[in-house]
Amino acid sequence: MNTDNRRLDLVLVGSMLALLLLPWYRVRSGFFTFEWVADVVGSDKLWPGLVQALTGRWQLWPLLLLLAFAAYLRLARQPGERGRALAFAGMAGLGWLLVEGLSIGLRGWNWGLLETLFGDVAGQQAFGAGAIALGIAFALMVAFGAAERGALKGDAFVLGSITLLVLLVAVFVFYPLVSMFTGAFQDFDGSFTSEGVRNNIFDPKIWSLACLTGGNCGVAWRTFFLAICTATGSTLLGLVFALVATRTGFRFKGSLRLLTVLPIITPPFVVGLALTMLLGRQGTLTQWIEAATGYELGRWLYGLTGIWIAQMLSFTPISFLVLIGVVEGISPSMEEASQTLRSDRWRTFRKVSLPLMAPGLANAFLIGFIESMADFGNPLVLGGSGGVLSTEIFFAVVGAQNDPARAAVLASVLLVFTLSAFLAQRLWLSGRNFATVTGKGDGGRHAQLPRRVAWPVITIAVVWALFTVTVYAMILFGGFVTTWGLDHSLTFEHYIRAFGVTLTDGFAWTGVAWDSFWTTMEIALIAAPLTAAVGLLTAWLIVRQRFPGRSVFEFALMMSFAIPGTVIGISYIMAFNLPPLQMTGTAAILIACFVFRNMPVGVRGGVAAMAQLDGSLDEASLTLGAGSARTMRKVILPLMRPAILAALVYSFVRAITSISAVIFLVSAKYNMATAYIVGLVENGEYGIAIAYSSVLILVMISVIGGFQVLVGERRIGRAREVKA
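Residues numbered from 1 in each chain as written. Predicted model: local features only at pLDDT ≥ 70, side-chain atom pairs only at ≥ 80, totals over all residues. Heavy atoms only, no water.

Participant: How should I be thinking about the overall build of the protein chain in this particular structure?
Facilitator: Scanning the protein chain for helices and strands turns up 32 helices and six strands. Within the protein chain, buried positions represent 54% of all 724 residues. When contacts within the protein chain are restricted to residue pairs at least 6 apart in sequence, long-range pairs at least 24 apart make up 75% of them. Just so you have it, the protein chain exposes about 32,700 Å², and 64% of that area is on carbon and sulfur atoms. (Helix = DSSP H or I, 4+ residues; strand = E, 2+ residues; numbered from the N terminus. Buried < 20%, exposed > 50% of the residue type's maximum accessible area, 1.4 Å probe, protein only. Contact = heavy atoms within 4.5 Å. Areas by Shrake-Rupley, 256 points an atom, 1.4 Å probe, with all protein chains shown as cover.)

Written out as structure tokens, the structure reads:
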């Protein structure tokens, strides 16, 4: 009971401080610059919420009354008696913030009907730190009220986590999508129209199956076929590299690990450009093959084949990062038990090890499928005349057609495909148990692969590694030549122009790429731990907790990953360009985009890892008196280190290499590296673009190594003996 009161006291005190000290409306110069503090007295736009209410903002009075009601409940009611009323106060506060924020814009009422009913009202700016802090406080009141009523055994940490995650997903996933789809039914003058949606939803260019009779398939089926091929290939290759790294004695498996990570840390367009220079019509390897065989290869690279090769290079590392934790997590004693029962290594691998990898394989396939569906950079470079859904959406929005209705229809088609794959994966895994780490002592060692598996696996890994090395050699070569493809004389000019410094009149960053470089590093290092934390917390809630709407919540999380980056960028612009939440042109919109775009990878990796941790581990900790928060910190997180590393690596890399959403969200002040590289490519400055990309690759490798050191390794089983 004292704990319940202490939690509510903290929320009430924080709410009062927000109303008294923090600006209610958005600070244009940036809240964390604190430049606004000197002007807070003279500018009414910087006044806190209580002062705004006392000076004529009547729409804030219901929030003050609800906060006063919560304070009354704290003083007059016991925790067991006030739960329902406290939860009601929190929901009413969130509801009023939503209604008030959407109803009143910069010039007054957003809808003429409200002006007719209530008369004129003063316009308002977007919500600032004070309003956001009060919204979080109301959300916590909902959670604490539910805990006091006994929901989820009264676990306030679990309820608070669920409530805040639901709120964040609603704001940064559903609200932008609703804003975008609402725009699809609006004419240029703002009036309602459904003509655009009707014209596009039955367009044969989307659904045609003429490819079955020798023609061209619609864009939807082309994208679906490509996604199936990419997901299958990347999952198999990811498993190959995971097995080589953990179950063989291959001498150079450490180098293979590095090579599997290289493609994922490559900025956009670079792999496509390298493949073009290697396998394109005038590519180096193409010319060698034609000279040796006399056979003209033509433009085979441009189309689904080239996109598939580029996506395999790009997405195999994601599968590897998901699968290596799963392969390492299989209990060694289970494999030893199989061999004790006289099963050979091949039968043990086929009947014991491989089935226990099913959650990881399913998650790797799902991620590869969705990544292929949402990929934008590779199809843009190598697509030729065969576009896919993501590029078609991009051109529908920013091209000459300017058709938001078509973009919305194409995005809906893509969403149906990806969510269908997610549902199929859920149905396949439902009712099965894959737990291998139970909390009991495990004295085994992982079995090595049988020869009939080891040699083919190592051969495939080596061949793919050599191909990867060749592609990256082309990238490295392009940064040190005058003009890639024309003049191959060596030069350092591109690196000097991009990252030059001067020491003559003091130290100065004179390279043209430094501004975007430091901005990119800052935003990526902020977004990565936030993405990992939110994703893994969500995975824990999904696997370990039972609460109403859990499946819907999981679907909602996957939606942010399933929607292509072009749509995410457009929807964020439409949602956050005006009140109540105005974030365009700031670092916050980039961080929010990265967190909620990349969080599902942390969720899926965490779900796969959690599926191998027996629930008795949590129960034992809770039985011994530890709360959910302590159990999560002391028991679960140490056993999820591979999943943590995967989430950190992936979110950091994607924050640096994303382009499809970023290109809409960058500003002059916050210009990300990928957008800057695109500008260089458009201007024909390929050398500087390659040089910049090479530096980014080296930086990402260094940071990934740092993450590996910070997170450490999960050790399951008996340590190998060291011979004297």
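Participant: Please explain the packing of helix α12 (residues 270–279) against helix α21 (residues 451–478) as it appears in this structure.
Facilitator: As a packed pair, α12 and α21 sit with axes 9 Å apart at the nearest point and diverge in direction by 95 degrees. As far as their axial angle goes, α21 and α12 are roughly perpendicular. The residues of α21 that touch α12, namely those facing Val-270, Val-271, Ala-274, Leu-275, Met-277, Leu-278 and Leu-279, are Phe-467, Thr-470, Val-471, Tyr-472, Met-474 and Ile-475. Taken together, the residues that form the contact of α12 with α21 break down as 12 nonpolar, one polar and no charged. (Axes fitted to C-alpha atoms, helices over the stretch in contact; angles between N-to-C directions. Parallel < 35°, antiparallel > 145°, perpendicular 65-115°, else oblique. Nonpolar A, V, L, I, M, F, W, Y, C, P; charged D, E, K, R; others polar.)

Participant: I keep staring at the pattern of salt bridges and nothing clicks. Help me out?
Facilitator: Opposite charge on two side chains makes pairing possible when the charged atoms of those side chains draw close. Inspection of the entire model under this criterion finds six salt bridges. Measuring nitrogen to oxygen at the nearest pair gives 2.6 Å for the salt bridge that ties Asp-9 to Arg-74. Within this pair, whereas Asp-9 is found in helix α1 (residues 2–21), its partner Arg-74 is found in helix α3 (residues 61–76), the two being separated by 65 residues in sequence. Owing to a relative accessible area of 22%, Arg-74 belongs among the partly exposed residues under this scheme. A salt bridge links Glu-371 to Arg-654; its shortest N-O distance comes to 2.6 Å. Of this pair, Glu-371 sits in helix α17 (residues 358–374) while Arg-654 is found in helix α29 (residues 641–657), placing the two residues 283 residues apart along the sequence. (Salt bridge = Lys/Arg side-chain N within 4 Å of Asp/Glu carboxyl O.)

Participant: Could you clarify how one ought to interpret the packing of aromatic side chains in this entry?
Facilitator: The description of two aromatic rings rests on the distance between their centres and on the angle between their planes. Counted under the stated rule, the structure contains 31 aromatic pairs. Where Phe-224 meets Phe-369, the ring centres are 6.0 Å apart and the plane angle is 75 degrees; that geometry is what we call edge-to-face. Of this pair, Phe-224 sits in helix α10 (residues 219–247) while Phe-369 sits in helix α17, and the two are 145 residues apart along the sequence. Using a relative accessible area of 29% as the deciding quantity, one classes Phe-224 as partly exposed. Ring centres of Tyr-572 and Phe-576 lie 5.2 Å apart, and the angle between their planes is 85 degrees; this geometry places the pair in the edge-to-face category. Remark: Phe-576 and Tyr-572 occur in helix α25 (residues 565–576); sequence separation between them is four residues, near one turn of the helix. Among the aromatic side chains, those forming a connected cluster through ring pairs are Phe-499, Trp-509, Trp-514, Phe-517, Trp-518, Tyr-676 and Tyr-692. Above the ring of Phe-144, the side-chain terminus of Arg-7 is found at 5.2 Å from the ring centroid. (Phe/Tyr/Trp six-rings, centres within 6.5 Å; stacked < 30°, edge-to-face > 60°. Lys NZ or Arg CZ within 6 Å of the ring centre and 35° of its normal.)

Participant: What should I look at first to understand the nonpolar core in this one?
Facilitator: Inside soluble globular proteins, nonpolar side chains tend to come together where they are buried. If you look at the biggest cluster of nonpolar residues, it comprises 197 residues, and the most contacted ones within it are Trp-24, Leu-275, Met-357, Phe-517, Tyr-572 and Leu-696. If near-sequence neighbours (up to four positions away) are discounted, Leu-275 is found in contact with Gly-280, Leu-301, Gly-306, Ile-309, Ala-310, Leu-313, Leu-382, Phe-467 and Val-471. Among the nonpolar cores identified, the runner-up in size contains seven residues, and Phe-376, Phe-394, Phe-664 and Val-678 belong to it. (Core = buried A, V, L, I, M, F, W, Y, C linked by side-chain atoms within 4.5 Å.)

Participant: Please explain the environment of Val-453 as it appears in this structure.
Facilitator: Tracing the chain through its elements places Val-453 in helix α21. Sequence separation of Val-453 and Leu-243 is 210 residues, and the distance between their C-alpha atoms is 9.7 Å.

Participant: What exactly am I supposed to notice about the packing of α1 against α3 here?
Facilitator: For any two helices packed against each other, the geometry is given by the interaxial angle and the distance between the axes. Interaxial distance between α1 and α3 falls to 11 Å at its minimum, and their mutual angle equals 150 degrees. The angle between α1 and α3 falls in the class roughly antiparallel. The handedness of the crossing between α1 and α3 is left-handed. Mapping the contact onto sequence places Asn-5, Leu-8, Asp-9, Leu-12, Ser-15, Met-16 and Leu-19 in α1 and Leu-64, Leu-67, Ala-70, Ala-71 and Arg-74 in α3. Class assignment for the residues of the contact of α1 with α3 results in eight nonpolar, two polar and two charged. (Left-handed = near helix turned anticlockwise from the far one by under 90°.)

Participant: Could you clarify how one ought to interpret a nonpolar patch on the surface in this entry?
Facilitator: Taken together, the side chains of Val-13, Met-16, Leu-17, Leu-20 and Leu-21 make up a nonpolar region of the molecular surface, amounting to roughly 470 Å² of accessible area. Relative to the helices and strands, Val-13 is located in helix α1. By relative accessible area, which is 49% here, Val-13 ends up partly exposed. (Patch = residues over 30% accessible without salt bridge, like charges linked within 9 Å, V, L, I, M, F, W, Y side chains within 5 Å.)

Participant: Please explain a positive patch on the surface as it appears in this structure.
Facilitator: There is a patch of like positive charges on the surface, built from Arg-347, Arg-350, Lys-351 and Arg-452. Mapping Arg-452 onto the fold places it in helix α21. (Lys, Arg positive; Asp, Glu negative; His and termini not counted. Charge placed at Lys NZ, Arg CZ, Asp CG, Glu CD.)

Participant: Mind showing me how you'd approach unusual backbone geometry here?
Facilitator: For the bond running from Pro-579 to Pro-580, omega is 15 degrees, close enough to zero to count as cis. Residue position: Pro-580 is located in the loop between α25 and α26 (587–610). The phi angle at Phe-34 is positive, at roughly 60 degrees, despite the residue not being glycine. Among the secondary structure elements, Phe-34 is positioned in the loop between α1 and α2 (49–54). Taking the relative accessible area as the measure of exposure, Phe-34 reaches 47% and is therefore partly exposed.

Participant: Sorry, what's going on with the confidence of the model for the protein chain here?
Facilitator: Caution applies to low-pLDDT regions: their predicted coordinates should not be interpreted in detail. Looking at the protein chain, the pLDDT average stands at 82 and 90% of residues meet or exceed 70. Mean pLDDT across the secondary structure elements of the protein chain bottoms out at helix α15 (residues 332–340), with 67, and peaks at helix α6 (residues 129–148), with 95. (pLDDT = per-residue confidence, 0-100.)

Participant: Could you clarify how one ought to interpret the side chain of Ser-179 in this entry?
Facilitator: Here Ser-179 shows up in helix α7 (residues 156–184). Side-chain polar atoms of Ser-179 contact the backbone oxygen of Tyr-175, separated by 2.9 Å. Excluding residues within four positions of it along the chain, Ser-179 makes contact with Met-574 and Ala-575. (Polar contact = N/O pair within 3.5 Å; in protein donor to acceptor, adjacent residues only side chain to side chain.)

Participant: For this particular structure, what's the right way to read the side chain of Thr-246?
Facilitator: Residue placement: Thr-246 occurs in helix α10. Classification of Thr-246 as buried rests on a relative accessible area of 16%. Here Ala-242 takes part through its backbone oxygen, which lies 2.7 Å from a polar atom of the side chain of Thr-246.

Participant: Even after reading the chapter, I still don't get the environment of Thr-584, so can you show me in this structure?
Facilitator: Looking at the element boundaries, Thr-584 is found in the loop between α25 and α26. Looking at Thr-584, the relative accessible area reads 19%, which means it is buried. Distance in space between the C-alpha atoms of Thr-584 and Val-666 is 8.4 Å, their sequence separation being 82 residues. The residues touching Thr-584, leaving out its near neighbours within four places in the chain, are Arg-26, Ile-573, Phe-576, Asn-577 and Ile-589. At a separation of 3.0 Å, a polar atom in the side chain of Thr-584 contacts the side chain of Asn-577.

Participant: Explain the environment of Met-610 here, please?
Facilitator: Relative to the assigned elements, Met-610 resides in helix α26. Apart from residues lying up to four places away in sequence, Met-610 is in contact with Trp-540, Val-543, Arg-544, Ile-636 and Met-640.

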